[in-house]
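# Structural overview
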Amino acid sequence: MNTQTSAEGETTILGACPHDCPDTCSMLVKVKDGKVRAVQGNPSHPFTQGRLCAKTNHYQERVYHAERLLYPMRRTGAKGSGQFERITWDEALNEIAARWRETIAEAGPRAILPYSYLGTQGLVNGLTVGDPFFNKLGATVSERTFCDSGASTAYIMTVGPTPGMDPESFQHSKLIILWACNMLSTNAHMWPFVEKAQRNGAKLIVIDPVRTRGAQQADQHIRIKPGTDTALALAMMNVLVNEDLIDHDYVAQYTTGFEELKAHVQPYTPEFAAEVTGVDAEVIRTLAREYASAQPAAIRIGVGIERSAGGGQLVRAVTSLPALVGAWRKPGGGILQLPLWAFPVNWDGLHRADFIPEGTPVVNQWHLGRALTHDLGLETPIRSLCVYNSNPLVVAPDQTRLIEGLSREDLFTVVSEHFMTDTARYADILLPATTQVEQADLMFSWGHFYLTLNQQAVPPIGEAVTNSELFRRLARAMDFEDPFFYRDDEEIMQASMLWDHPAMQGITMEGLRATGYARLNMPSADTYAPHAQGGFPTPSGKVELKASMAAGGNFVLPVFRQGYNGFQDGGPVDALPTFHVRHESAAKDPALAARFPLSMMSPKSHAFINSNYGNMRRQVAHQGEQYVLINPVDASARGIQQDAIVTVQNGRGTFKALARVTDDAMAGVVVTPLGYWVDRSIAGATPAALNPTAFADLGRAPTFSDNLVEVTLD
Amino acid sequence: MTHVVTDNCEQCRYTECVTVCPVACFRGDGERLFIDPDLCVDCGACVPMCPVHAIVDSFDLEDDQQIWIGVNERRAKELPTVRDRSAPLPTAPDRRAALGY
């Protein structure tokens, strides 16, 4: 049943977690007397397994938080002051429409820039909810390479958009490498499948500069200097080819470019890699040998893997490894990157890129600060910003410059939000949005093979609206006539999937309402070996060790840029996996490295989802104050003791944090979690103030792990 | 950041909790269980499993229950991992009734 009513009058609604996370949990929502009383992970869902997480266990606390924005607001004080007055929806929409019409008349629609990502990742209210509207308006296109874009470009160049391994197949693996994956904090529901394999004798290897929780549980933790992993992957290949650990039959049948790759990896000896990565040459040799011999062997990459100058080529190299050793032959072998590719989503129908006027320019969202401060040389400068499903002031780099841009009096800013976030403080018009329990939505996953239906549990609170309703209202305000813009949520849900696709066989909305979720029509995890006999969705049908797509130049997948393919990056791409030195390194910039000798990483916070929950007492209590992990050697050299307040800085900015002296951080590397709110920080800034705007080599991925800083005692 | 086992576990030693922990963080002796705070990821899976509601998010501890944070941390370091379910203590039914569950 989709609802059950208990004797005490409590009803259980089948919902789904909305957040930007690979686990997309099936969420039981307990409602009594019209209010959500509790949420619980669905015990019958094979991946959720009856639990949520530190972020969402008490989701109702978010829903009913005293500081939730429930009414439209208009700014009364200075930008950033957070001073607003309540207005009606009509007033808000009239003002937005008037300002946009004025801007369009004076400068054209390109002066308007949308900015959004995955505050929710629902098919109705998530990534694409505003795309048809802004595409039709003719606004500048927002290129959203927040996450996995570099890895996706690299992965697709190598094996094509294959779902790859089923995460549940990892229980059958004999050797598992978690590469740049902080699984127990960011993909926790996959952990039991990995742990089961480990209990059955599989060797679990974690490759990560940081001693994460997962690294502590691993059989082997390979600590590597940030942004150097490509050398490790290529040295593994060097050992595999030179010690003839190659599965020649698989390579001959199902790959292209092997002979060239073999010659290409000769310079990447374990000794070369040891010098660059800090990983011992014998450890590298042993890793390659064990990887080849323990079959089926599985690799799971995390989203942090791409975050350095050479991060794209790193994923090219890692994605090539399984074919070399024939890992794809059995269930439990291969690589897992982003099973989103398994879901037959009607992306074209969701983006409506066909609405985009020819010649519409693109701004990458990592460049928001530069775009707003006229530092991008845009033909049409940005005069209006519309933010939804995102909190750029916390997650975007170059925070100081972004504050400057958002502070512009002449920048008409509309923000849709749950709370008065750091970004929301700079809005001219603030619009209240619903939480997941106040809306219906359909959820894909980028970490498993289940489609999940979120059924609405309670009506919208106050005057909050769903994102879908926001864009219906904006379309009306701007006099859009196409009935497409006025579909209700049920119609949008129906139109969001390609229901006739084989992967959707047996799945219906009726069935989803009854159970809450459905596994895509794919083989079971026990038998799923999608590439036992090749069949890769690449131009050649094989694993392209030498990528034919490289000739087309660097690109960002259309799904990350409102469906648009205009003005792609087009930069040159090495056809074979190649090592690129970090942007910020002694090798490339000795003066910089002398001034700022420490590498900074800014990974996810355990109790937050990006900046979500950064304002909530429970999660803030669990996270503690903004901290920076610093190795005892580096701390001692700077006179820094445990819990001291320190200043972390580089040429882009500065923030303060509490020092945690620990060898969870490698010597030479400091680690400070992202997601904390600026308005709660010690000195009005957070790690994003130091993060660079430079792109990685593929997919315009960010380079947040390619960042030199210095830490000093306050 | 951790969950803790309070003294409701004493005289019961129910072990439903260990069957759902993804990180095997439960430690125990013959009397009761504790949670290793260094391993607990606050997934919350164990909370609804305990028949006597012995497990609490440390954030939700009443003032007079705060002591369990330190006790769990100390005892977890001294005791072996409990992975498998076993019969509760003979005193469990009475204790459960006395606690009102």
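For the structure given in this document, a descriptive report is provided here.

Here the focus is the overall build of chain B. Secondary structure summary: chain B contains two helices and four strands in total. Ordered by position in the sequence, the α and β elements of chain B form the string β-β-β-β-α-α. On C-alpha atoms alone, chain B measures out to a radius of gyration of 12 Å, which is about the 13 Å that the 2.2 N^0.38 rule sets for 101 residues. Across its three principal axes, chain B shows a C-alpha extent of roughly 30 × 30 × 25 Å. Taken over 101 residues, chain B has a buried fraction of 42%.

A word on the pairing of strand β23 (residues 598–601) of chain A. Residue and element names in this part refer to chain A. The alternating pattern of β23 places Leu598 and Met600 on one face and Ser599 and Met601 on the opposite face, and all of these are buried. Examined bridge by bridge, β23 and strand β28 (residues 708–713) share two bridges and lie antiparallel to one another. The partner of leucine 598 across the bridge, within β28, is valine 709.

This part takes up unusual backbone geometry. Residues and elements named next belong to chain A. In this model, glutamine 295 is joined to proline 296 through a cis peptide bond whose omega is 0°. Structurally, proline 296 can be placed in the loop between α12 (281–293) and β13 (297–301). Of note, the phi angle at asparagine 389 is positive, near 55°, even though the residue is not glycine. When you line up the elements, asparagine 389 lands in the loop between β16 (384–388) and α16 (392–395). With a phi close to 50°, asparagine 610 is a non-glycine residue in the positive phi region. Looking at the element boundaries, asparagine 610 is found in the loop between β23 and α22 (617–623).

Moving on, we get to the interface of chain B and chain A. The accessible area lost on association of the parts is a frequent measure of interface size. Counting residues at the interface gives eleven residues for chain B, matched by 17 residues for chain A. Across the side of chain B that touches chain A, the residue classes break down as nine nonpolar, one polar and one charged.

Right, let's get into the packing of helix α8 (residues 229–242) of chain A against helix α13 (residues 311–324) of chain A. Residues and elements named next belong to chain A. The interhelical angle for the contact between α8 and α13, taken along N-to-C directions, is 25°, at an axis separation of 8 Å. In terms of axis orientation, α8 runs roughly parallel to α13. In this structure, α8 crosses over α13, and the sense of that crossing is left-handed. Taking contact as the criterion, the partners of Asp229, Thr230, Ala233, Leu234, Met236, Met237 and Leu240 in α8 are, on α13, Gln313, Leu314, Ala317, Val318, Leu321 and Leu324. A per-class count over the contact of α8 with α13 returns ten nonpolar, two polar and one charged.

A few words on the nonpolar core. Residues and elements named next belong to chain A. One finds Ile176, Met236 and Val670 to be the most contacted residues of the largest nonpolar core, which totals 246 residues. Top contributing element to this core by residue count: α8, with ten residues. Each residue touching methionine 236, except ones within four places of it in the same chain, is listed here: Ile284, Leu287, Ala288, Tyr291 and Leu321.

Parameters at a glance
- Residues numbered from 1 in each chain as written.
- Chains lettered and ligands numbered in written order.
- Predicted model: local features only at pLDDT ≥ 70, side-chain atom pairs only at ≥ 80, totals over all residues.
- Helix = DSSP H or I, 4+ residues; strand = E, 2+ residues; numbered from the N terminus.
- Rg over C-alpha atoms; globule rule 2.2 N^0.38 Å.
- Buried ≥ 20, exposed ≤ 12 C-beta atoms within 10 Å, placed from the backbone.
- Pairing = 2+ DSSP bridges.
- Contact = placed C-beta atoms within 7 Å.
- Nonpolar A, V, L, I, M, F, W, Y, C, P; charged D, E, K, R; others polar.
- Axes fitted to C-alpha atoms, helices over the stretch in contact; angles between N-to-C directions.
- Parallel < 35°, antiparallel > 145°, perpendicular 65-115°, else oblique.
- Left-handed = near helix turned anticlockwise from the far one by under 90°.
- Core = buried A, V, L, I, M, F, W, Y, C linked by C-beta atoms within 7 Å.

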